[in-house]
Amino acid sequence: MKVTAYAPGRVNLIGDHVDYAGGLVLPMAIDRGTTVVAERVGSRVVVSSDQETERAEIDLVEPVDAAAVRPAWARYVAGVVAVLQPRVGLVGAIRSDLPIGAGLSSSASIEVAVALALGFDGTTSELARACQSAEQLASGVPCGIMDQLASAAGVEGAALLIDCRSLEVTPVTLPDDVEVVVRHSGQVRALAGSAYAERRAQCAAAEAVIGPLRDAVPADLHAIHDPVVRRRARHVVTEIERVRLFAGALRAGDLELAGALMTLSHRSLRDDFEVSTPALEDAVGILVATSGVYGARLTGAGFGGCVVALADPSSLAQGWRLQPSAGASVTVYDP
Ligand code: GLA
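All figures in this text were calculated on a predicted structure; none of them were measured in a lab. (Residues numbered from 1 in each chain as written. Predicted model: local features only at pLDDT ≥ 70, side-chain atom pairs only at ≥ 80, totals over all residues. Heavy atoms only, no water.)

Q: Sorry if this is basic, but what is going on with the site of the ligand here?
A: Around the ligand lies a shell formed by Arg10, Asp16, His17, Asp19, Tyr20, Cys143, Gly144, Met146, Asp147, Tyr196, Gly300 and Ala301. In this structure, aspartate 19 approaches the ligand through a side-chain N or O atom, which is 2.5 Å from an oxygen atom. Here the ligand, which alone exposes 300 Å², has 94% of that area covered by the protein. Looking at the shell around the ligand residue by residue, the class counts come to five nonpolar, three polar and four charged. (Near = heavy atom within 4 Å. Polar contact = N/O pair within 3.5 Å; in protein donor to acceptor, adjacent residues only side chain to side chain. Areas by Shrake-Rupley, 256 points an atom, 1.4 Å probe, with all protein chains shown as cover. Nonpolar A, V, L, I, M, F, W, Y, C, P; charged D, E, K, R; others polar.)

Next comes the structure, spelled out in structure tokens:
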């Protein structure tokens, strides 16, 4: 049985490092992604990639440790196989126009596309959860659900307000008179794994003192004595509120407010959550100093990768102009 599956990457407009605290995020699926063209056959997954020299070869019968698979990109394929445990294999090819390590969720898009190609059958949020588990197995990083859910649930023309506690997805139409500009900092993400896990543990430490950060208000933060844990929690609590305000600003077409909230989000990620780098600071600085840019911030986990800006269509901001796009899809051709 022949199959074509496609899953987009994503860029997060606002709401970083809050998904694993059950917070609100506002990403959009983008017009770049991963396509799998393959045949469901045999008892192995064998796929080539146009961005890699070595193929992924995963045996369905012999269980593998996904995190130890080689070549490294095949770990995401192995993670999906480990979670879905399909009975029929896949032979084919992967094409992607997403830059790797840029913070545009190339790995989530591989996972979602491979899961659909393997015949995943379930709801959009079940697909996202399965692929989140695959990512955790493959990378060893305790990531949240945002990237996989944005890829699975994308809507053309809209960003996605996602409640990471209920997994409810509410499309928020992007105004016509705005562009989403993404610019690479020039720094491939590094050390993100251990630092990410450390940040997540610090949020858990805060929750042990004041309960779910999703429900906390700034006044609750005084009860946290450790100054580092308190700053991490302050980022999460204030970021969730910024996402709420940002969604309202987009709906009202108030791009000045939306941009200001993005810039505040960046400062919070830099000063309270400490996931920025000099290269990200330079990239954000260049964008916010460009006329016609409403605001800019690092996007995703931080420690390198991309920054994102909202800009007027006439602005001279340099970077990729990305469109909010539909989510993942699959077509099965009967022989
Ligand atoms: C990575 C993770 C997401 C999310 C972001 C930060 O992209 O995969 O789950 O935590 O970092 O917002």
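Q: Explanation requested: the sheet that holds strand S8 (residues 179-184) in the structure shown.
A: Pairing between the strands of a sheet is mediated by backbone hydrogen bonds and can be parallel or antiparallel. If you walk across this open sheet you meet the four strands as S9-S10-S8-S11, and the pairing is antiparallel. Edge positions in the sheet fall to strand S9 (293-298) and strand S11 (320-322), since each has one partner strand and no second. Going from strand to strand, the sheet's axes swing by 30° on average, the running direction of each strand aside. When S8 meets S11, the two strands line up antiparallel, connected through three bridges. Within S11, the residue paired with valine 180 across the bridge is leucine 322. (Pairing = 2+ DSSP bridges. Helix = DSSP H or I, 4+ residues; strand = E, 2+ residues; numbered from the N terminus. Axes fitted to C-alpha atoms, helices over the stretch in contact; angles between N-to-C directions.)

Q: In this structure, what is going on with helix H8 (residues 278-288)? I would like to understand it.
A: An α-helical turn contains 3.6 residues, so a residue and the one three or four places further along point in the same direction. Along H8, the positions that sit buried rather than exposed are Leu280, Ala283, Val284 and Leu287. The buried residues of H8 occupy one face: seen down the axis, they fall within an arc of 95°. When the buried face of H8 is taken as reference, the exposed residues oriented beyond 90 degrees from it are Pro278 and Asp282. If you follow the buried residues of H8, they end up packed against S8, helix H7 (255-271), S9 and strand S10 (306-311). (Buried < 20%, exposed > 50% of the residue type's maximum accessible area, 1.4 Å probe, protein only. Arc of directions from axis to C-beta. Contact = heavy atoms within 4.5 Å.)

Q: Please explain the environment of proline 86 as it appears in this structure.
A: Along the chain, proline 86 falls in the loop between helix H1 (74-84) and strand S5 (90-96). Take proline 86: its relative accessible area is 15%, and that puts it in the buried class. Sequence spacing of proline 86 and valine 61 is 25 residues, and the spatial spacing of their C-alpha atoms is 9.7 Å. With residues near it in sequence (within four places) discarded, proline 86 still touches Leu60, Val81 and Leu118.

Q: Explain the pattern of salt bridges to me, please; I cannot follow it from the model alone.
A: A side chain with one charge can pair with a side chain of the opposite charge if their charged atoms come near. Under the definition given, this model contains 16 salt bridges. One salt bridge in this structure joins arginine 321 and glutamate 179, with 2.7 Å as the shortest N-O distance. One end of the pair, arginine 321, is in strand S11; the other, glutamate 179, is in strand S8, with 142 residues separating them in the sequence. The shortest N-O distance in the salt bridge between arginine 270 and glutamate 281 comes to 3.4 Å. (Salt bridge = Lys/Arg side-chain N within 4 Å of Asp/Glu carboxyl O.)

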